[in-house]
Amino acid sequence: MSTTVTAEQHLARSIQLATANVLNSGGPFGAVIVTQDGQSFDGVNRVTADNDPTAHAEVTAIRRACRELGTFDLSGAVLYTSCEPCPMCLASALWARIDRVVFAADRHDAASVGFDDAVFYEYFENQDRDSLMPVAKLELVDSLAPTPLEPFNTWNTLESRIDY
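What comes next is a walk through the structure. (Residues numbered from 1 in each chain as written. Predicted model: local features only at pLDDT ≥ 70, side-chain atom pairs only at ≥ 80, totals over all residues. Heavy atoms only, no water.)

## Section: the pattern of salt bridges
At step 1: Applying the stated rule across the entire model yields five salt bridges.
At step 2: As a salt-bridge pair, glutamate 84 and arginine 107 come within 3.0 Å of each other at their nearest N and O atoms. Residue glutamate 84 is found in the loop between strand E3 (78–83) and helix H4 (87–95), and its partner arginine 107 is found in helix H5 (residues 107–111); the two are separated by 23 residues along the sequence.
At step 3: When its relative accessible area of 17% is taken as the criterion, glutamate 84 is described as buried.
At step 4: The closest approach of N and O atoms between aspartate 163 and arginine 161, which form a salt bridge, is 2.7 Å.
At step 5: Take arginine 161: its relative accessible area is 27%, and that puts it in the partly exposed class. (Salt bridge = Lys/Arg side-chain N within 4 Å of Asp/Glu carboxyl O. Helix = DSSP H or I, 4+ residues; strand = E, 2+ residues; numbered from the N terminus. Buried < 20%, exposed > 50% of the residue type's maximum accessible area, 1.4 Å probe, protein only.)

Shown next, in the form of structure tokens:
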């Protein structure tokens, strides 16, 4: 009898986690990260339960996997998630070096029940994004202010740094 867990089973687990999380004061999102060697790490959406807007299922799974594995690099891992990841979760997966993302429901399914991330996707595609949230560089003119490059210069000369 084989003990190999399939992609479909990991995806089904993410949906089961999401459903159970709804009954535990969480949002309807679940995620499973499976490493190259087969270890799996669950995450669920705890945004409202923890008052943490970054506590999306994908992010909580990434945090757990990294903490338990003792690394910030999840190269070779696959992220299975009950719903198409929002831009924050996609960026988090990129930063974690996850190889692939597989999802069940899409952003339109989520929007149909009030989880509409369209404005965030549009933000990155829109030339008029400042109307949603202005982001601008500010030049420091005070001669006593540190140069914006100071942290980078310090980082670059630090022999004990850990590149990422």
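Moving on from the model shown.
## Things to note about the packing of aromatic side chains
At step 1: Following the criterion strictly, the structure yields one aromatic pair and no others.
At step 2: Residues phenylalanine 29 and phenylalanine 115 carry aromatic rings whose centres are separated by 4.9 Å and whose planes lie at 90 degrees to one another, so their mutual orientation is edge-to-face. Placement of phenylalanine 29 in the loop between helix H1 (7–22) and strand E1 (30–34) and of phenylalanine 115 in the loop between H5 and helix H6 (118–125) is noted, with a sequence separation of 86 residues between them.
At step 3: We classify phenylalanine 115 as partly exposed; its relative accessible area is 34%.
At step 4: The aromatic ring of tyrosine 121 is capped on one face by arginine 107, whose charged end is 3.6 Å from the ring centroid. (Phe/Tyr/Trp six-rings, centres within 6.5 Å; stacked < 30°, edge-to-face > 60°. Lys NZ or Arg CZ within 6 Å of the ring centre and 35° of its normal.)

Note that all results are geometric; they support no functional claim without further evidence.
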